[in-house]
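Structural overview for review
Listed here are the chains, written in short residue letters.
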Amino acid sequence: MNIVIVTPDGELYNEEVNSVIISSANNGDYEVLKDHLPIVSTIDTGYIKLTQGKMVFYVVVINGVVENINNKLTVVSQDAFIGRSKESAFKNLNDIRSARNEENKKRNIELAKAERELRKQIKMTGAGQL
Amino acid sequence: MASLREIKNRIVATKKTSQITRAMNMVSAAKLKRVERKHVAFTPIKSHIRRLLEDVLSSNPELSNPLLEKREVKKVGYILVTSDRGLAGPYNSNVIRYFDALVKEKYQSKEEYIVGTIGYKGYSYCKRKKLPLLNTESINSRDDVKFIDFQAMSRAFIELYLNNGVDKIVMIYAHYINSISQEIKEEILLPITDLVSDKTDLISDYIFEPSTEEVIDQLLPIFLENTLYGIILDAKTSEHAARMTAMKSATDNALEIIQKQNLVYNRARQAQITLELNDIIGGANAVK
């Protein structure tokens, strides 16, 4: 069966796999094998375990929609990260997300500072009114 | 008339400004292309979720969800999409002016609406005007848009809606038409009314895991966030287009000023030479 994992940044994964285990905090776990009936479910925070021969991959998914039809499983997610183990994938994704949040906070402070500075300069030069 | 050196300084300064604006123009053009591509790539994702949702709704017409039901509007939530930084021509002021006019026309007191802002410009405006704000700190509107940036706010708004804090959520943003024109648009985010729930061409009969109700409960917020994301991408495209146009005209204006100043400079130089010649001739005549 074919699995496609899509995020807003593009396709993350598109391969043939033997089996897929979908696990999420809201729905629990279930496995999808070849010739499964058409199924739709959602993942708020969870992971997808992909087995491809002897290889196993984990994809951590945030806010995803899973749809399986005609042996093609499509996962549309808002954020996803692929890793060799569940823990490392979760850790990496969390690291990326918290780094992003930190950066955003920093940017806010910088923008506030820049705006204050601009106001000061405008006042000093007496150029127009803000 | 200003002295020669003053005019020269002015020409040099204007030249430097024009270099900066030209660079900004080119940066915006590149970013515009990138975000446009992202927007195009995102459209199939959005329609995929929409199709799924419509399928679920049409196969279960008896399903109801508070996010889908219209109710009497007592309080409205507005989401203003602006940029983090200025120098984008009328991009931010257009959105703000539109919102201002709307508030003046529709509401008497600040109790009747609440504002959520995306982008620092909108946030600082609302804070200055002391409007009722939902987000306590600015939601970044970065060039590399990510869901995580505005997830907290969108969830807060959905929760507020479900708790009857607001009865309608409207987004105000600059819709991208082409690189020279953008128009301010209002879009109703909640309640969701534009879904077709009586489709006849059902693609298949799905099994819903764990249940239809739960799938729809989770699918709706995801759908909303995707709509929001699509709108932000649209606004981002407009922002880059607006900045590109603004910087283009700034460069043109700077070049025009340089040309005029050059004329003034040459005239002043000529005058000075004439003056010096007069001095020399006068001096020589005196010696004779």
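Every value quoted in this text rests on a predicted model; they were computed, and no experiment measured them.

Turning our eyes to something else, we now look at the pairing of strand E1 (residues 76-81) of chain B. Each regular strand displays side chains that alternate between the two surfaces of the sheet. Residue and element names in this part refer to chain B. Of all six residues making up E1, five are buried, and the element is well covered by its neighbours. Pairing analysis gives six bridges linking E1 to strand E2 (residues 113-118), with the strands arranged parallel. Opposite Tyr-78, over in E2, you have Val-115 as the bridge partner. Crossover handedness for the path E1 to helix H2 (residues 91-106) to E2: right-handed. Across five bridges, the pairing between E1 and strand E3 (residues 168-178) is parallel. From the neighbouring strand, Ile-79 faces E3, where its bridge partner is Met-171.

As a further point, take helix H3 (residues 120-128) of chain B. The set of residues buried in H3 of chain B consists of Tyr-120, Lys-121, Gly-122, Tyr-123, Tyr-125 and Cys-126 of chain B. As for H3 of chain B, its buried residues are in contact with helix H1 (86-125) of chain A together with E1, H2 and E2 of chain B. Phi turns positive, to about 55 degrees, at Lys-130 of chain B, one or two residues after H3 of chain B.

Right, let's get into the packing of helix H4 (residues 147-162) of chain B against helix H5 (residues 212-287) of chain B. Residues and elements named next belong to chain B. Running from N to C, H4 and H5 cross one another at 125 degrees; their axes reach a closest spacing of 10 Å. Viewed along their axes, H4 and H5 adopt a mutual orientation that is oblique. In this structure, the crossing between H4 and H5 has a hand that is right-handed. From H4, Phe-147, Phe-150, Gln-151, Ser-154 and Ile-158 reach across to H5, where they touch Pro-221, Leu-224, Glu-225, Leu-228 and Tyr-229. In terms of residue class, the contact of H4 with H5 is made up of seven nonpolar, two polar and one charged.

What follows is about the environment of Asn-266 of chain B. Relative to the helices and strands, Asn-266 of chain B resides in helix H5. Remark: the alpha-carbon pair of Asn-266 of chain B and Glu-225 of chain B, spanning 41 residues in sequence, is separated by 61 Å.

Right, let's talk about the interface of chain A and chain B for a bit. On the side of chain B, 29 residues touch chain A, which itself brings 27 residues to the contact. Broken down by secondary-structure element, the contributors of at least two residues to the side of chain A that touches chain B are strand E5 (39-52), strand E6 (55-69), strand E7 (72-83) and H1 of chain A. Class assignment for the residues of the side of chain A that touches chain B results in eleven nonpolar, nine polar and seven charged. Sheet analysis places E5 of chain A next to strand E5 (residues 207-209) of chain B, joined by three bridges and oriented parallel. Across the sheet, Ser-41 of chain A pairs through a bridge with Glu-209 of chain B, a residue of E5 of chain B.

For the rest of this paragraph, the subject is unusual backbone geometry. The omega angle of the peptide bond from Leu-190 of chain B to Pro-191 of chain B is -5 degrees, so this bond is cis rather than trans. Within the secondary structure, Pro-191 of chain B sits in the loop between strand E4 (181-190) and E5. Notably, Asn-63 of chain A is not glycine yet its phi reads approximately 50 degrees, a positive angle. Looking at the element boundaries, Asn-63 of chain A is found in strand E6. A tally of 21 C-beta atoms within 10 Å means that Asn-63 of chain A is categorised as buried. Here the phi dihedral of Lys-130 of chain B falls at roughly 55 degrees; this positive angle occurs in a residue that is not glycine. Tracing the chain through its elements places Lys-130 of chain B in the loop between H3 and H4.

When two helices pack together, their arrangement is given by the angle between the helix axes and the distance between those axes. All names here are of chain B. Interaxial distance between helix H1 (residues 4-59) and H5 falls to 6 Å at its minimum, and their mutual angle equals 165 degrees. As judged from the angle between their axes, H1 and H5 are roughly antiparallel. The crossing of H1 and H5 is left-handed.

Looking now at the sheet that holds E2 of chain B. All names here are of chain B. Taken together, the four strands give an open sheet; going across it, the order is E2-E1-E3-E4, and neighbouring strands pair in mixed fashion. Both outer strands of the open sheet, E2 and E4, are each paired with one neighbouring strand and no more. Sheet twist, expressed as the average angle between the axes of neighbouring strands with direction ignored, equals 25 degrees. Across the sheet, H2 lies against E1, E2, E3 and E4, angled at about 140 degrees from E3, the strand it touches most. Strands E1 and E2 of the sheet are contacted by H3, whose axis makes an angle of about 145 degrees with E2.

Attention shifts here to the confidence of the model for chain B. Should pLDDT be low for a region, the predicted coordinates there are not to be read in detail. Chain-level statistics for chain B give a pLDDT mean of 88 and a share of 97% at 70 or above. Interface scoring of the predicted complex returns ipTM 0.82; its pTM is 0.87.

Thresholds, definitions, all that
- Residues numbered from 1 in each chain as written.
- Chains lettered and ligands numbered in written order.
- Predicted model: local features only at pLDDT ≥ 70, side-chain atom pairs only at ≥ 80, totals over all residues.
- Buried ≥ 20, exposed ≤ 12 C-beta atoms within 10 Å, placed from the backbone.
- Helix = DSSP H or I, 4+ residues; strand = E, 2+ residues; numbered from the N terminus.
- Pairing = 2+ DSSP bridges.
- Right-handed = clockwise from strand over helix to strand, strands pointing away.
- Contact = placed C-beta atoms within 7 Å.
- Axes fitted to C-alpha atoms, helices over the stretch in contact; angles between N-to-C directions.
- Parallel < 35°, antiparallel > 145°, perpendicular 65-115°, else oblique.
- Left-handed = near helix turned anticlockwise from the far one by under 90°.
- Nonpolar A, V, L, I, M, F, W, Y, C, P; charged D, E, K, R; others polar.
- pLDDT = per-residue confidence, 0-100.

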